[in-house]
Amino acid sequence: MRKRNFYIVSDGKLRRKENTIYFENAEGKRPIPINSIYSIYALGSLTITSQALNYLAREGICVHFFNRYGYYTGSFYPRESLISGDVVVKQAEHYLDREKRLYLAKAFVEGSIMNMARVLRRNGEDDTGVISALQGLENSESVEEVMGAEATARTEYYSKFDSMLSGMKFEKRSRQPPENEVNAMISFGNSLLYSAVLTEIYHTQLHPAVSYLHEPSERRFSLSLDLAEIFKPLLVDRLVISLVNKKMVGEGDFDEDFKGVLLSEKGRKKFLKAFNERLERTVKHRTLGRNVSYQRLIRLECYKLVKHILGVEKYRPFVMWW
Amino acid sequence: MYVIIAYDVSVERVNKVKKFLRKHLNWIQNSLFEGELTQSDLEEVKMGLREIINEDEDMIVIYRLRSRDVAKREVLGIEKSSVDEII
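Conventions and cut-offs
Residues numbered from 1 in each chain as written. Chains lettered and ligands numbered in written order. Predicted model: local features only at pLDDT ≥ 70, side-chain atom pairs only at ≥ 80, totals over all residues. Heavy atoms only, no water. Contact = heavy atoms within 4.5 Å. Buried area = accessible area lost by both parts, 1.4 Å probe. Salt bridge = Lys/Arg side-chain N within 4 Å of Asp/Glu carboxyl O. Polar contact = N/O pair within 3.5 Å; in protein donor to acceptor, adjacent residues only side chain to side chain. Helix = DSSP H or I, 4+ residues; strand = E, 2+ residues; numbered from the N terminus. Nonpolar A, V, L, I, M, F, W, Y, C, P; charged D, E, K, R; others polar. Expected span 1.5 Å × (residues − 1). Buried < 20%, exposed > 50% of the residue type's maximum accessible area, 1.4 Å probe, protein only. Arc of directions from axis to C-beta.

Novice: How should I be thinking about the interface of chain A and chain B in this particular structure?
Specialist: Contact residues are listed per partner, giving 25 residues for chain A and 18 residues for chain B. Both faces combined, the contact of chain A with chain B buries some 2,000 Å², and carbon together with sulfur accounts for 51% of it. The tally of links from chain A across to chain B stands at 1 salt bridge. Where chain A touches chain B, the interface holds 10 residue pairs in polar contact (both at pLDDT 80 or more). Listed by contribution, the elements that provide at least two residues to the side of chain A that touches chain B are β1 (4–8), β3 (20–25), β4 (28–32) and α9 (265–280) of chain A. Per element, the largest residue contribution to the side of chain A that touches chain B is 5 residues, and it comes from β1 of chain A. Its residues assigned to classes, the side of chain A that touches chain B comprises 13 nonpolar, 6 polar and 6 charged.

Novice: How do you make sense of helix α5 (residues 143–159) of chain A when you look at a structure like this?
Specialist: The α-helix winds at 3.6 residues per turn, so residues separated by three or four positions along the chain end up facing the same way. Residue and element names in this part refer to chain A. Look at α5: 24 Å from first C-alpha to last across 17 residues, which is about the 24 Å you get at 1.5 Å a residue. Looking only at α5, the buried set comprises Val-143, Val-146, Ala-149, Glu-150, Ala-153, Arg-154, Tyr-157 and Tyr-158. Projected down its long axis, α5 carries its buried residues within an arc of 165°, all on one side. α5 presents Glu-144, Thr-155 and Ser-159 as exposed residues on the side facing more than 90 degrees away from its buried surface.

Put into structure tokens, the structure is as follows:
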């Protein structure tokens, strides 16, 4: 079966029966064919039996958990089947060597900036402000400076958001908690993207904790954060802009708390559906010459990184061509 | 491709077939499964089924469609199972 992502928003239990994963709750049973699962996003309160986990692990399926606010909390990352000591050692070498690390950090930010510019141009906005941050990036001599260049670009980028959106206000990027609807969607989207990238890393030899732009010491799968930077404009920002402008989200899709704004259960389902459609959407790849899904593009990015690390081919970041 | 599999097998094997197909496809109703498969998945499914059934007594029909959309699927009565990826 063609593998899909499953998003479990209802409360219930996941168990294994007759070599199938079943989702059960008071409303009934729902079998999920094991061969159709690519990864699972657990957003409701979910009980999983150890038999189910063992079975998922055997099939190499990651389960990503989110708390009730929609923040990513952790992943069930099955024992790796694709292990390559060589890749991990080389990955570390690229981190330890200042020049090599700087090259990768710059490449990630360059990809990120180019994609932000792409989003702006596509929406008829001026991208010169964002593009000019590339100069600062070029001259950066440390990872801190690279991050500075990224921040400059991002400020420029976000300053154009309000004129790209109609019907909802963005104002400024606010997180933990997001202060308005648009920020709530961006935060939720970024959490989902982070997990999607992690799933792809799992299917390669890369070690998810050795990263270049973000410090690897942050108790996180920080390589996922690095790669997610490149894909945020494509998979999250464009999605949010289209949901807002097509008036697909609105009244009833958000809950206002005393502290901030979050997607309501209804809104979350809508967002997940749209996010998943986006991951499955395909585009004709220029060098491969065939259609690949957006999700697959993330995997290809991982492969490019492996090639770079092994010295086969220099890494160039993904930049949207459409 | 989108695949529909209907089977009529002897009672002692019917559960084996069901259990096997459950791993790959969505159960729709008794003796009927549907789902998206790749060419190689389908070969795997066919191989698995051949091992279970007795080819002198049982019968399994496999329909291959280009996509779910061309099936113009219509349901009368209650749909017993959902295939949505948001649960």
